[in-house]
Amino acid sequence: MKAFAPLKRPIVARLWTALAVFTTGDELYRVALVWLAVEIVGRQAGYLSAAQSACMLLGAAFGGTLVAGASQQRAMSIFLAVGAVCALVPPVAWGLGYPSFVALLVPAISISLMRAQLEPTIQGHLPLLVSDRDELFATNGLIDGVRRMARITGPIFAAALAAVIAVHNLFVVYAMALLFAAYLLLRVG
């Protein structure tokens, strides 16, 4: 069980938990976004995915300067908090009776830009938390594993929650997950 040894360290356990919450919520968000986009624009929902991919590319190419010289925990928490605020646009629009493609485009673009910054920041932060080479490999494996696990659990949670709440309210669940992950990241130390 050498692969799970890094979780004995509270700092790594908090980071892993934050990532488990964030990535599971992220997959839940992706499902909800597609469901609502198809409901609003039908077959043209693919344009939303194209916009997200373009934003991820731009964010990854030009966004490194956003976190240069900043506290990485604080930067990660700010990215998550901004993503949480943007995730609330669709439920607010639906609540006001104005469901629209634009109400989905705002979080799609902003959350894609946030994700493009967050993931490299997390990877860059790991060597600061774990100095032992073997433990760093194990920690990287845990981080990758939690992302893979989220690809399974996120859609399952989305389907289960959609059975009891409106699909647009899945964005509220996602926003709460982001805020909780931001809180945990601030406590990483």
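Remember, it's a predicted structure, so these values are computed and weren't measured experimentally.

What counts as what
- Residues numbered from 1 in each chain as written.
- Predicted model: local features only at pLDDT ≥ 70, side-chain atom pairs only at ≥ 80, totals over all residues.
- Heavy atoms only, no water.
- Phe/Tyr/Trp six-rings, centres within 6.5 Å; stacked < 30°, edge-to-face > 60°.
- Helix = DSSP H or I, 4+ residues; strand = E, 2+ residues; numbered from the N terminus.
- Buried < 20%, exposed > 50% of the residue type's maximum accessible area, 1.4 Å probe, protein only.
- Axes fitted to C-alpha atoms, helices over the stretch in contact; angles between N-to-C directions.
- Parallel < 35°, antiparallel > 145°, perpendicular 65-115°, else oblique.
- Left-handed = near helix turned anticlockwise from the far one by under 90°.
- Nonpolar A, V, L, I, M, F, W, Y, C, P; charged D, E, K, R; others polar.
- pLDDT = per-residue confidence, 0-100.
- Salt bridge = Lys/Arg side-chain N within 4 Å of Asp/Glu carboxyl O.

K.L.:
Any chance you could explain the packing of aromatic side chains here in plain terms?
P.N.:
Following the criterion strictly, the structure yields three aromatic pairs and no others. Geometrically, the ring pair formed by Y29 and F171 is edge-to-face, given 5.8 Å between the ring centres and 85° between the ring planes. Taken together, the residues span a long stretch of sequence, with Y29 in helix α1 (residues 10-41) and F171 in helix α7 (residues 170-186) at a distance of 142 residues. For the residue pair Y29 and F171, the accessibility class agrees, reading buried in each case. Taken together, Y29, F171 and Y174 form an aromatic cluster joined through their ring pairs.

K.L.:
What should I look at first to understand the packing of α1 against helix α6 (residues 133-162) in this one?
P.N.:
The angle between the axes and the distance between the axes are what describe a pair of packed helices. Direction vectors running N to C along α1 and α6 enclose 40°, while the axes themselves pass 7 Å from each other. As summarised for this structure, α1 and α6 are arranged oblique, according to the angle between their axes. In terms of crossing hand, the pair formed by α1 and α6 is right-handed. Partitioning the contact of α1 with α6 into residue classes produces 19 nonpolar, five polar and three charged.

K.L.:
Teacher, can you tell me more about the confidence of the model for the protein chain here?
P.N.:
Interpreting fine coordinate detail is not advised for predicted regions of low pLDDT. When pLDDT is averaged across the protein chain, the result is 86; 94% of the residues are at 70 or more. Across the protein chain, the element-wise mean pLDDT spans from 85 in helix α5 (residues 101-129) up to 94 in helix α4 (residues 89-95).

K.L.:
Sorry, what's going on with the pattern of salt bridges here?
P.N.:
For side chains of opposite charge, pairing can occur when their charged atoms come near one another. In the structure shown here, the tally under the stated rule is four salt bridges. In this structure, D26 engages R115 in a salt bridge whose closest nitrogen and oxygen atoms are separated by 2.8 Å. Remark: R115 occurs in helix α5 and D26 occurs in helix α1; sequence separation between them is 89 residues. We classify R115 as buried; its relative accessible area is 5%. The closest approach of N and O atoms between D144 and R148, which form a salt bridge, is 2.7 Å. Of this pair, D144 and R148 both sit in helix α6, four residues apart, which is roughly one turn of that helix.

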